[in-house]
Amino acid sequence: MVAAPVPDQHPLLAAVATARGALGDVRDLPATFLSTGEKRQALLEVTALEAQVAALKARLVAAVDVLAEEDGARDVAAWVAHHTRADLRATRPEVELAQALDRRWARVAAGMTDGTLSPAQAKVVVEALDALPDDLDPDIMTKAETQLVTWCTQFKPHELRLLGKRILTYLDPDAADAEDARRLQHEEQNARDKMRLTFKPQGDGTTRISGLLPDSSAARLRTYLEAFTSPRNPTGTPPGEADRIPYPRRLAHAFGSLLEHLDPATLPDHGGDATTVIVTIPLAQLQQDLGTASILDGSDPALGPNLSATEARRLACTAGIIPAVLGTNSEVLDLGRTDRLYRPPQRKALRLRDRRCRVKGCDAPATWCEAHHLKPWSEGGPTDLDNAVLICSWHHHRIHDPRYEHQVLPDGDLLIRRKR
């Protein structure tokens, strides 16, 4: 039964009691037997009811600051979270929205009360209005609020967010140009202040890199990484193993390739010398693919990072890294060779000769490929064109992977297979 109003009860409490009582009366009625039209109507009406309830809650939340003070709560959000058994992270945005509606944005609040704005739409609209300059003409501010509330009947929250950023262009194009410049400058400065990059070794051979970058820097990094990912196969070409790799993993592989292709000579001096990474490994282990190599990168040598001998051989083939080969008494036998890496004219000649990755079935263009020593550099292989072949980064890792074997075909292509 619908709850009967209590004499002298405040109309708000009476309305809440009536609504709860009415919903309690129908809580066990199945919706299955509603007609299609009735289901549509009921769902839309419940959605509007949700907005009205959210508007009433916002009005109440904006008025409970005295309760927070009486109970010694840190603030209104903490009081609401405690008494409604809610997560403070969810409660705080609700309180901020409620206070904004109560103080300033009456039209948005009225739209929620009428059931025409959802809480998500109201949040986006308030954020857009709060972002407008404080010295904006009050008439234009009123028009902006009215227009955004009107658009709420047509657009979803993410669409409203885009429209909110351009509301001044719609209402006052002259003021919009100056405001766009101010907003972009503020966003760029905010991005520079917030940018972070952290490295956390996981203890399993991987390091978790977490970062927050300005959009411009992120766009450049993404563009560079995509230059190292495998190209799309022409129509009708069967996909290879690299094409089945999830895209995030391909970007990670590309990031590794990008780092390996950086020229240390172009980096700033570090500690008085050009920035270098030195890999140390005993000669016998380098030649036999046994043991481990150590990277001298400024970190604690006892903590790593370390490499397998196989990976050290691959890096010695093409990356801008100096291999320090040690003798039996840890004396330095070789600290890099001047002819270890292929020079730019040699790489150009390889591109003209090979045109693409020379692994059979791969069509990665030559500009995406790396020069590989057919006879390994660590075994005395010369850095000349006769001992070189172009292969893409993906296959360069496979050719140095001990789980795979390869052979040179009569036409000069390479065939790589997993060992059986």
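Nothing here was measured: the structure is a model prediction, and the numbers come from that model.

(A) Representation of the pairing of strand S13 (residues 414-418) in the model. With 5 bridges connecting them, strand S12 (residues 404-408) and S13 associate as antiparallel partners. Counterpart to His406 in the pairing with S13 is Ile416.

(B) Quick look at unusual backbone geometry. Of note, Arg85 is a non-glycine position whose phi angle comes to about 55°, a positive value. Structurally, Arg85 is set in the loop between helix H4 (76-84) and helix H5 (88-103). We note that Arg355 has phi near 70°; this positive angle belongs to a residue other than glycine. Mapped onto the elements, Arg355 comes out in the loop between helix H16 (344-354) and strand S10 (369-373).

(C) Broad picture of the environment of Lys360. Secondary-structure assignment places Lys360 in the loop between H16 and S10. With near-sequence residues (within four places) excluded, Lys360 lies in contact with Leu409, Asp413 and Leu414.

(D) The packing of aromatic side chains, seen in detail. If you walk through the whole model with that rule in mind, you get 2 aromatic pairs. Ring plane angle 85° and centroid distance 6.5 Å describe the contact between Trp151 and Phe155, whose orientation is recorded as edge-to-face. For Trp151, a relative accessible area of 11% puts it in the buried group. On the accessibility criterion, Phe155 (27% relative accessible area) is partly exposed. Clustering of aromatic rings is evident, with ring pairs tying together Trp151, Phe155 and Tyr170.

(E) Representation of the pattern of salt bridges. Counting across every chain of the model gives 10 salt bridges. The residue Arg27 makes a salt bridge to Asp28 at a minimum N-O spacing of 4.0 Å. Here the salt bridges share partners, and the residues they tie into one network are Arg353, Asp354, Arg356, Arg358 and Asp413.

(F) Just the nonpolar core, in detail. In terms of nonpolar packing, the biggest core is built from 37 residues, with Leu101, Trp105, Val108, Leu129 and Leu132 touching the most fellow members. In this view, Trp105 contacts Ala100, Val126, Leu129, Asp130, Met141 and Glu145; residues no more than four positions away in its chain are not counted.

(G) Local environment of a nonpolar patch on the surface. Judged by side-chain polarity, Leu23, Val26, Leu29, Leu49 and Val53 come together as a nonpolar surface patch covering roughly 450 Å² of accessible area. Along the chain, Val53 falls in helix H2 (residues 36-61).

(H) Representation of the confidence of the model for the protein chain within the structure. Confidence in the prediction of the protein chain, expressed as mean pLDDT, is 75, and 73% of residues score 70 or more. No element of the protein chain has a lower mean pLDDT than strand S4 (residues 273-274), which averages 41, and none a higher one than helix H8 (residues 138-151), which averages 90. Taken together, the stretch residues 232-238 has pLDDT below 50 and engages in 7 contacts with residues farther than four places along the chain or on a different chain. Under a pLDDT of 50 for its full length, residues 296-304 has, in the predicted model, 6 contacts with residues more than four places off or in other chains.

What counts as what
- Residues numbered from 1 in each chain as written.
- Predicted model: local features only at pLDDT ≥ 70, side-chain atom pairs only at ≥ 80, totals over all residues.
- Heavy atoms only, no water.
- Pairing = 2+ DSSP bridges.
- Helix = DSSP H or I, 4+ residues; strand = E, 2+ residues; numbered from the N terminus.
- Contact = heavy atoms within 4.5 Å.
- Phe/Tyr/Trp six-rings, centres within 6.5 Å; stacked < 30°, edge-to-face > 60°.
- Buried < 20%, exposed > 50% of the residue type's maximum accessible area, 1.4 Å probe, protein only.
- Salt bridge = Lys/Arg side-chain N within 4 Å of Asp/Glu carboxyl O.
- Core = buried A, V, L, I, M, F, W, Y, C linked by side-chain atoms within 4.5 Å.
- Patch = residues over 30% accessible without salt bridge, like charges linked within 9 Å, V, L, I, M, F, W, Y side chains within 5 Å.
- Areas by Shrake-Rupley, 256 points an atom, 1.4 Å probe, with all protein chains shown as cover.
- pLDDT = per-residue confidence, 0-100.

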